[in-house]
Amino acid sequence: MSVLAFVGSRTTRERNARGEGISVLRVADDGTLARVHLQGGLVNPSFLALNRRGDRLYTVHGDQHEVSAFAVDEDGKLAFLNQVGCGGRNPVHLALDPSERFLVVPNHLDGTLAVLSVKEDGALGELLELTKLPGVPGPHRIEQPFSKPHFNPFDPSGRFVLVPDKGLDRVFSFRFDAGRLVPAAQPWAQAREGAGPRNLAFHPVLPVGYVLNELDSTLATCGFDAESGALQPRHLLTTLPATFTGHSRGAQLQVDPSGRFLHASNRGHDSIALFTLDAQGTPAFVEAFSSGGRTPRFIALGPVGDVLYALNEDSDRIAVLPRDPASGRLGAPRQELPCGSPVCMVFRASARS
């Protein structure tokens, strides 16, 4: 099976970045990587999304006001389609709805959630909706001056959009109705003051969601009602070992497809925390393994080779960490691929058919 990985990076001097654009990598059977293409000339292509066929790629432009669309050929080469405004500053994530007719984007510095139309050819259409996220900012004087949505995945059914908001210590829930965002019956779940919700992932089988809190480096386990879209927090753990007393921030979550393990990255401690998940989906901390570099902003489980990729932003490396499928434990890097300021990674498992 031919597998390609697409890696977004930060590129601007304002971010002290060294990235060159979007890197296209070939994934070997053991999970190691080789660069095959580079799409340069882009400003902070910092988060990416592929359509199901793998022939359209979308990227936000961090610190800017735009989103871009690209066609992707059989070999992974990108061809620019178009670019549109997203109605706010610093778009930080994006997600296609199940119909792939709409793209949802959080604007981190405006506290808004944008919905863009997607045309039949995959190019981006008009801005359809811009929703403001309500609430009182958290107590952190620097990081919580206002609403700061950071992520907006769809739930497994594709009917709800969940939005962790670092600035308001809330996780919002919206019903998604043909391009419209409708607040769920319980419109948000409240996090602990100063927690700073950043990332969210769902259990592959159970009605459970996991929220990674950036500012206090904790993992919240929540029940999820698939009918109403409500999240109910029920369990909280640190992502750091008890012996660590320094400064660190949570970044990214990955739940193993088997539903037995969860990994979370720590920026500062520069580690990947491993949790086991019991029959109810409740996590237990096992150990924090080295990320193989500095500032693992993004992590991804590989589609082949039983590896975890750690995108170490400040050491300009993608560490390929072997993973024991029986225990979830990580080993020393199998490869450290040079890549300037990497911050996102998505996969195309095979050429489109």
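Residues numbered from 1 in each chain as written. Predicted model: local features only at pLDDT ≥ 70, side-chain atom pairs only at ≥ 80, totals over all residues. Heavy atoms only, no water.

Asker: Outline the sheet that holds strand β27 (residues 342–348), supporting the account with residue identities and numerical values.
Answerer: Sheet strands pair via backbone hydrogen bonds, and the direction of the pair is either parallel or antiparallel. Read from one edge to the other, the open sheet built from 4 strands follows the order β3-β2-β1-β27, with strand pairing classed as antiparallel. Lying at the two open borders of the sheet, with one neighbouring strand each, are β3 (33–39) and β27. Here the average twist between neighbouring strands, direction ignored, is 25°. In this sheet, strand β2 (residues 22–27) lies alongside strand β1 (residues 3–9) in antiparallel orientation, the contact comprising 5 bridges. Across the sheet, A5 pairs through a bridge with L25, a residue of β2. (Pairing = 2+ DSSP bridges. Helix = DSSP H or I, 4+ residues; strand = E, 2+ residues; numbered from the N terminus. Axes fitted to C-alpha atoms, helices over the stretch in contact; angles between N-to-C directions.)

Asker: Run through the pairing of strand β5 (residues 56–61), naming residues and quoting values.
Answerer: Most of β5 sits inside the fold, with 6 of its 6 residues counted as buried. Counted between consecutive antiparallel strands, the loop separating strand β4 (residues 45–50) from β5 contains 5 residues, among which G54 sits at a positive phi close to 75°. Bridge analysis of β5 against strand β6 (residues 66–72) gives 5 bridges, and the strand direction is antiparallel. Each residue of the ladder has a partner; that of V60, found in β6, is V67. Between β5 and β6, which pair antiparallel in sequence order, lie 4 residues; one of them, D63, sits at a positive phi of approximately 70°. (Buried < 20%, exposed > 50% of the residue type's maximum accessible area, 1.4 Å probe, protein only.)

Asker: Give me the sheet that holds strand β26 (residues 335–338): which residues, what numbers.
Answerer: One open sheet holds the 4 strands; their spatial order is β23-β24-β25-β26, and the pairing between them is antiparallel. Each edge of the sheet is formed by a strand with only one pairing partner; in this case those strands are β23 (296–301) and β26. Strand-to-strand, the axes of this sheet are offset by a mean angle of 20°, without reference to chain direction.

Asker: Residue-level account of the nonpolar core, with values.
Answerer: Ranked by internal contacts, the top residues of the largest apolar core, which has 58 residues, are F6, L57 and L103. Here this core takes 5 residues from β1, the largest share from any one element. (Core = buried A, V, L, I, M, F, W, Y, C linked by side-chain atoms within 4.5 Å.)

Asker: Requested: an account of the side chain of S9, with residues and values cited.
Answerer: Secondary-structure assignment places S9 in strand β1. Using a relative accessible area of 2% as the deciding quantity, one classes S9 as buried. Among the polar contacts listed, one links the side chain of S9 to the backbone oxygen of G21, at a separation of 2.7 Å. Those residues in contact with S9 that lie beyond four places of it in its chain are G19, E20, G21, N44, P45, S46, G340, S341, P342 and V343. (Polar contact = N/O pair within 3.5 Å; in protein donor to acceptor, adjacent residues only side chain to side chain. Contact = heavy atoms within 4.5 Å.)

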